[in-house]
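Survey of secondary and tertiary structure
Residues per chain are reported as follows:
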Amino acid sequence: MTIGLGIIGAGIMGERMLRAALEHAQEAVHIARVWDASPDALARIDAALPGTTQAASAEAVVAASDCVYIATPPATHLGYARMAQAAGKAVFLEKPLAVDIAEARGFVEEASRNGAFGRTAVNFPFASSLAIERLRGWLDEGAAGVPRGFEIDVAFARWPRGWQQGAAGWLDGRAEGGFTREVVSHFLFLARRLFGPLHLQSSEADYPVDGGTERRITARLDAGGLPGTLAGAVGATSKEDHNTFTVHGIADLRLRDWSIAERGRPSGEWVPDEDALPNERMRPLVLRRQLEGVARMTRGEPHHLATLSEAYQVQEIVEAILTGHPAYEVTRRD
């Protein structure tokens, strides 16, 4: 039996998840209701996906759903999440949890106390990535030997990226936006999922425009004791979005541009996995697996989605990188 998924937020991510549910995950979920505070967003959804059942309010989405997916700007995440939890509904959140680290920590503690922890998860698609499964398989096979470190590199021609310009008001605002929150967070989650809890040693962030988001970051950190480096910059590539996550060992392994798992040769050549797909083709498969996990979570079954503990620690490290303040340790609860 499918679970009823309600969607609050009909922007880029809300529409992306809606399409995945309608086109690729019909055996796991059905759309209960969709709502957005913007009439224009709902009109766009109605034109693109006629027949989608829309709601008159966020409360109506919650009432009609088994699980509520929250894809609104970050400052509003926890208000909607608390509303859904109070109604006994499962919650699937976009990251970050909140714009304030203390509020995010309080939310995680509340969920632990009120029994909502196990039925709340966060949308880090690497949790369902076939490319990450291949990378993990190579690591388990010993292809890198004993890893000696990892490296995260992200670069953008501009920020926000072209397809995000409609949300530039908050994506390029210091309070909620920036590529560290939006993109680097995914790779920090990956490092934690592969190797263990994150610890930040040092970082720098450059803000060349008053009130604007970061344009360059560097950091040194470790994941489960494995040392790592992080570098990100706007204007450092002609591509809209270019990223690599590299594991160094007797042979290097990496993930390139979100979805291409590659093995390094002594010559320096990178050889892609034979089943690798570009991100635009991989994304529907990953989102289907995410939604299958959402269905299991909603039923109270074991799932592979990012937990609140993982999401909170990623947010903690992100905010520490952006402010230059040391990150606090968090208690693991997986």
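Report follows, based on the coordinates.

So, how was this worked out
- Residues numbered from 1 in each chain as written.
- Predicted model: local features only at pLDDT ≥ 70, side-chain atom pairs only at ≥ 80, totals over all residues.
- Heavy atoms only, no water.
- Helix = DSSP H or I, 4+ residues; strand = E, 2+ residues; numbered from the N terminus.
- Rg over C-alpha atoms; globule rule 2.2 N^0.38 Å.
- Buried < 20%, exposed > 50% of the residue type's maximum accessible area, 1.4 Å probe, protein only.
- Contact = heavy atoms within 4.5 Å.
- Areas by Shrake-Rupley, 256 points an atom, 1.4 Å probe, with all protein chains shown as cover.
- Pairing = 2+ DSSP bridges.
- Axes fitted to C-alpha atoms, helices over the stretch in contact; angles between N-to-C directions.
- Parallel < 35°, antiparallel > 145°, perpendicular 65-115°, else oblique.
- Nonpolar A, V, L, I, M, F, W, Y, C, P; charged D, E, K, R; others polar.

Right, let's talk about the overall build of the protein chain for a bit. Each helix and strand counted, the protein chain has ten helices and 13 strands in total. Computed over the C-alpha atoms, the radius of gyration of the protein chain is 19 Å, within 12% of the 20 Å expected from 2.2 N^0.38 for a compact globule of 334 residues. By principal-axis analysis of the C-alpha atoms, the protein chain measures approximately 60 × 45 × 40 Å. Scored against the burial criterion, the 334 residues of the protein chain give a buried share of 52%. In the protein chain, 68% of the contacts between residues at least 6 apart in sequence involve partners at least 24 apart. Put simply, the protein chain shows about 14,100 Å² of open surface, and 51% of that area lies on carbon and sulfur atoms.

With that settled, the discussion passes to unusual backbone geometry. In this structure, the amide linkage connecting Lys95 to the following residue, Pro96, adopts the cis form with an omega of -10°. Position of Pro96 relative to the elements: it lies in the loop between strand S4 (90-93) and helix H5 (101-114). Residue Pro160 follows Trp159 across a cis peptide bond; omega there is -5°. Structurally, the position occupied by Pro160 is in the loop between strand S6 (149-156) and helix H7 (168-171). Residue Trp258 is not a glycine yet carries a positive backbone phi of 80°. Take Trp258: it is sitting in the loop between strand S11 (253-256) and strand S12 (260-264).

Next up on the list: the sheet that holds strand S2 (residues 29-35). Strand order in this open sheet of five strands is S2-S1-S3-S4-S5, and the pairing throughout is parallel. Sheet topology places S2 and strand S5 (120-122) at the edges, where each strand pairs with a single neighbour. Sheet twist, expressed as the average angle between the axes of neighbouring strands with direction ignored, equals 20°. Of the pairings in the sheet, the one linking S4 to S5 comprises three bridges and is parallel in character. Bridge pairing in S5 links Leu93 to Val122.

Running from amino to carboxyl end, helix H1 (residues 12-24) crosses helix H9 (residues 279-298) at an angle of 85°, the nearest separation of the two axes being 9 Å. As judged from the angle between their axes, H1 and H9 are roughly perpendicular. In this structure, H1 uses Arg16, Met17, Ala20, Ala21 and His24 to contact H9, whose residues at the interface are Arg283, Pro284, Leu287, Arg288 and Leu291. Across the contact of H1 with H9, the residue classes tally to six nonpolar, one polar and three charged.

With four bridges joining them, S11 and S12 adopt antiparallel strand pairing. Note on S12: the bridge partner recorded for Arg256 is Ile260. Linkage of S11 to S12, two consecutive antiparallel strands, is achieved through a turn of three residues, within which Asp257 is found at a positive phi near 50°. In textbook terms, the turn of a hairpin is the stretch between consecutive antiparallel strands, and for S12 and strand S13 (residues 270-272) this stretch comprises five residues, one of which, Gly268, has a positive phi near 95°.

Purely spatial values, then, with no claim about function.
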